[in-house]
Amino acid sequence: MRYLVKISYDGSGFFGSQKQKDKRTILGTFDKILTKIFNENIKSIGCSRTDKGVHANEFYFHFDSSKEKDKKKLKISLNKLIPKDIFVDEIFIIKEDLHARHSVKEKEYVYLINLGKYNPCMANYVYQYNRDFDLIKLKKALKLLSGEHDFKSFTSGKYDNYVRNVDITFKVKNNILIIKFVSSGFLRYMIRNIVGLLLDLNEGKVNLNDITDIFELKNRSSIGKPAFPGGLYLNRVIY
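Everything numeric here is computed off the predicted structure, so don't read it as measured data.

1. Brief notes about unusual backbone geometry
Phi angles above zero are rare outside glycine, and D22 is one such case at about 60 degrees. Among the secondary structure elements, D22 is positioned in the loop between β1 (2-9) and α1 (26-38). A positive phi angle, near 50 degrees, is found at N174, a position not held by glycine. Of note, N174 is situated in the loop between β8 (163-173) and β9 (176-183).

Put into structure tokens, the structure is as follows:
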């Protein structure tokens, strides 16, 4: 029997979503608790790999078990046993040909940047940039970065194919710049590297003409540092 679990979490205290030996991770936490509940070895598979410090408003994982549990009771049990920086929103019983990662049609991430006064209470959740952003330049940059491109320059990961089709938009609300990324899939550190480039662009370290060259170079060293992980959220997952 295959269970699909919908959760949200504060990633500040986790070393990412994927299970790692001797590290506090999202799926590692669930595997330990579910193994005890079901009294069998449970291995969870997530819809995405979020990095250390990255948050999720919506995240899914599935696991298989030979035992059938009442979904409502299982949700209550999990929310009692898991740490308070995770919450189980809903549990589904799904067909075994459905997969938490491979069946995803679209994922939406958002990156939050505080353009206003420094807010220590939000330091782990919104990047405290605390200065103006050239929104006209940003709009032009996002037009160049959106669409289908080879994003090899924006990842240090190894892939067979670096081509992704991404829609990137933004809005500003209450002095928070919200940059939204939508795609069927992303490369490791890709979003944080794009945001890092946008910050460098705003500060005049690179210019708009450099974006085309960066794509053509296909080299991670062609751009600067990735943006702070705490500003990034997996916001929505569509199956």
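2. Details of the layout of surface pockets
The computed volume of the largest pocket comes to approximately 760 Å³. S48, R49, Y159, F186 and R188 are the residues nearest the centre of the largest pocket, which is lined by 30 residues in total. The biggest single contributor to the lining of the largest pocket is helix α4 (residues 190-202), with 3 residues.

3. Concerning the nonpolar core
Counting residues in hydrophobic clusters, the biggest one holds 65 residues, and the most contacted among them are I7, F30, I113, L145, F154 and F181. Counting residues per element, this core draws most heavily on α4, which supplies 8 residues. Residue contacts for L145: discarding those within four places in its chain leaves F151, F154, I168, I194, L197, L198, I211 and F215. Among the nonpolar cores identified, the runner-up in size contains 5 residues, and V110, L112, V126 and I178 belong to it.

4. A closer look at the pattern of salt bridges
Scanning the model with the defined rule gives 11 salt bridges in all. Of the charged contacts, one joins D31 and K19 as a salt bridge, the two residues approaching to 4.0 Å between their closest N and O atoms. One end of the pair, D31, is in helix α1; the other, K19, is in the loop between β1 and α1, with 12 residues separating them in the sequence. Classification of D31 as buried rests on a relative accessible area of 5%. Of the charged contacts in the structure, one is a salt bridge between E203 and K205, with a shortest N-O distance of 3.2 Å. A relative accessible area of 33% places E203 in the partly exposed class. Among the charged side chains, a salt-bridge network with shared partners connects R131, D200, E203 and K205.

5. What about the side chain of T50?
Examined against the element boundaries, T50 turns out to sit in the loop between β2 (45-46) and β3 (55-64). Given a relative accessible area of 6%, T50 falls into the buried group. In this structure the side chain of T50 is engaged in a polar contact, spanning 2.7 Å, whose partner is the side chain of Y9. In this structure T50 touches Y9, G16, S17, F59, Y109 and L234, once residues within four positions along its chain are discounted.

Rules used in this analysis
Residues numbered from 1 in each chain as written. Predicted model: local features only at pLDDT ≥ 70, side-chain atom pairs only at ≥ 80, totals over all residues. Heavy atoms only, no water. Helix = DSSP H or I, 4+ residues; strand = E, 2+ residues; numbered from the N terminus. 1 Å grid on protein atoms, 1.4 Å probe; cavity = no way out; pocket = protein on both sides within 12 Å on 5 of 7 lines; lining within 4 Å. Points joined across faces, edges and corners; volume = space filled by probe spheres on them. Core = buried A, V, L, I, M, F, W, Y, C linked by side-chain atoms within 4.5 Å. Buried < 20%, exposed > 50% of the residue type's maximum accessible area, 1.4 Å probe, protein only. Contact = heavy atoms within 4.5 Å. Salt bridge = Lys/Arg side-chain N within 4 Å of Asp/Glu carboxyl O. Polar contact = N/O pair within 3.5 Å; in protein donor to acceptor, adjacent residues only side chain to side chain.

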